[in-house]
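Here are the chains, one letter per residue:
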Amino acid sequence: MKYVLVTGGVVSGLGKGVTASSIGLILKACGLRVTSIKIDPYLNTDAGTMSPFEHGEVFVLDDGGEVDLDLGNYERFLDIKLTRDNNITTGKIYQSVTDKERKGDYLGKTVQVVPHITDAIQEWIERVAVIPVDGEDGPADVCVIELGGTIGDIESMPFIEALGQFSYRVGAGNFCLIHVSLVPVLNVVGEQKTKPTQHSVRGLRSLGLTPNIIACRSTTALEDNVKEKLSRFCHVPVDNIITLYDVSNIWRVPLLLRDQKAHEAILKVLNLEGVAREPALGEWTSRAELCDMLHEPVRVAMVGKYTGLSDSYLSVLKALLHSSVACRRKLIVDWVPASDLEDETAKENPENYRSSWNLLKGADAVLVPGGFGDRGVEGKILAAKYARENRIPFLGICLGMQIAVIEYARSILGLQDANSTEFDSNTQNPCVIFMPEGSKTHMGGTMRLGSRRTYFQVRDSKSAKLYGNQSFLDERHRHRYEVNPDMVQQFEDAGLSFTGKDESGRRMEIVELPNHPYFIGVQFHPEFKSRPGKPSAVFLGLIAAACGQLESLLKKGEAVTNGFTNGTSVENVHRVGNGTTANGNGSFDGIYCNGNGVHV
């Protein structure tokens, strides 16, 4: 097994996740099998209990693992299915060591960070690296490991020590360290400054790790004299200093690595020069070019609770991008804070109220994503009502589906106090209820999580056609509440169709309005399995409906299953004003959006 470690220096938010994903992609394009591990040095056992404002979205895996959003980047770039153990946290490591100590596995010894914690980290990496994630038998050829945080962070120290020991133990020909650092340009003099990177590399070396390659984030390509200076002071060959400068779209990042021969440097360090081929990135190149050619817009109103940080909905945005490019449209996302649509805001802040409603009314489609808590729920209900009554294409995900059901109960069934017991435990018409197997005392990992099967009930429905007329589908879930099965017949008698249910027939998975151009709610999270070239079916349906392409799409049932894009899908990215393409969690991505300061 060969290992590539990606670390970050100077500042956070440089795009280590996209860099690690791009490295994995280019190695895969060289004919190697690749897996990935993300190390997060926080004490949480997993990302499941953290607010999206803290760390961006919680990405859910097939096995129910609630993990860091960078694992979503890995899955999308490499088209693989990772496990919960591919995300290592300080909490997981300490918990495993403490459990062993309680069982007496250390035979009375004093349990310490070195060697017990550091050994546990190394054992975890070696164990997980051999788990197949690409559908083939046997271990991968290369494992790309991303160390979260920044070199010098106190919480990263045990991992740095463990990885230093690990690099020595596996041997120089099996370990390649790529350090992602910042080379800022001072506006006053316009000079690329190397001192921050010098200090970062010096700190890395002092901790026992020596970089083989330095990937420099900068607004423009590094000048030759700057590379030579970095080479001299950081003890890295000039050819092994790569520039990750700002590009027009995310698909150009792997091309940057290829054009600067990064793969050759990595393969040389890992002694794989005679094994790997030249990277086959023809499809990637066509995607990058197509991305820059999209001009006709499709406007989607994203009505949510966490609109202040776009990373909270990262996978949703990716799924929208996959679908918009499949329909040959440039995605424009209008962020609509759900609470700003409510009557209370009309009194307290009429300007925000008016602005949010104008965005909603100007959209080609409305999307209500998942979420927790009662803030903004009434605004989401109003958005669903507007889309239903005005025949605007609508997609509700998880909570978004539940609020669509609540709105229908209030407006069509006349049940004015209809609600979810999550928001009103005393409602007389609980159309959304707590799942019987859920826990109200423990938060972490107690939801209905991971891949679950949904069976189509109505074969002539839009959702069934979008999924290629299959009898069932497997999608990832993350929820504690569900539609009340005792009210389903009442809803269906009033025209609401539950076209997808679980194997028991009592858990509602898909709801749609048959007489609406496109009004679908899903209890699962289809965004987690959307891929470039293979966009999520219900997202593709939403964008197609917004562009007037739904009818032709539904006639191509099999084409949806095959991706509907003939391999030319791409993610649309736009440079942020100052050229430093960093969002809340450091990706290169960018979506044209309304002026709230958020660019993904």
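Residues numbered from 1 in each chain as written. Predicted model: local features only at pLDDT ≥ 70, side-chain atom pairs only at ≥ 80, totals over all residues. Heavy atoms only, no water.

Per an unreviewed UniProt entry, the protein carries the name CTP synthase and comes from Nicotiana tabacum. The UniProt entry for the protein carries this comment under Catalytic activity (unreviewed entry): "UTP + L-glutamine + ATP + H2O = CTP + L-glutamate + ADP + phosphate + 2 H(+)". Listed in UniProt under the heading Sequence similarities (unreviewed entry), the comment for the protein reads: "Belongs to the CTP synthase family." (UniProt positions renumbered as here; feature names shortened; annotations may be inferred.)

(A) Molecular detail of a nonpolar patch on the surface. The grouping of Tyr94, Val113 and Val114 at the surface amounts to a nonpolar patch, some 230 Å² of accessible area in total. Note that tyrosine 94 resides in helix α4 (residues 90-103). A relative accessible area of 33% places tyrosine 94 in the partly exposed class. (Patch = residues over 30% accessible without salt bridge, like charges linked within 9 Å, V, L, I, M, F, W, Y side chains within 5 Å. Areas by Shrake-Rupley, 256 points an atom, 1.4 Å probe, with all protein chains shown as cover. Salt bridge = Lys/Arg side-chain N within 4 Å of Asp/Glu carboxyl O. Helix = DSSP H or I, 4+ residues; strand = E, 2+ residues; numbered from the N terminus. Buried < 20%, exposed > 50% of the residue type's maximum accessible area, 1.4 Å probe, protein only.)

(B) Main features of the domain arrangement of the protein. Splitting the protein by domain gives domain 1 (1-34 + 102-285) and domain 2 (293-555). Each of domain 1 and domain 2 was reduced to a C-alpha centroid, and the two centroids are 39 Å apart. (Domains from an automatic or database assignment.)

(C) Geometry of the sheet that holds strand β5 (residues 87-89). Taking strand neighbours across the sheet as the criterion, the seven strands line up as β5-β2-β6-β1-β7-β10-β11 in an open arrangement whose pairing is parallel. Two strands bound the open sheet, and with one partner strand each, they are β5 and β11 (241-245). Going across the sheet, the axis of each strand differs from the next one's by a mean of 20°, ignoring polarity. Where strand β10 (residues 213-218) meets β11, five bridges bridge the pair, whose relative direction is parallel. Looking at the pairing, arginine 217 lines up with leucine 244 of β11. Sitting on the sheet, helix α1 (residues 16-29) touches β1 (2-8), β2 (34-40), β6 (142-147), β7 (175-182) and β11, and the angle it makes with β6 is about 170°. Sitting on the sheet, helix α3 (residues 70-78) is in contact with β2, β5 and β6, with an inclination near 170° to β2. (Pairing = 2+ DSSP bridges. Axes fitted to C-alpha atoms, helices over the stretch in contact; angles between N-to-C directions. Contact = heavy atoms within 4.5 Å.)

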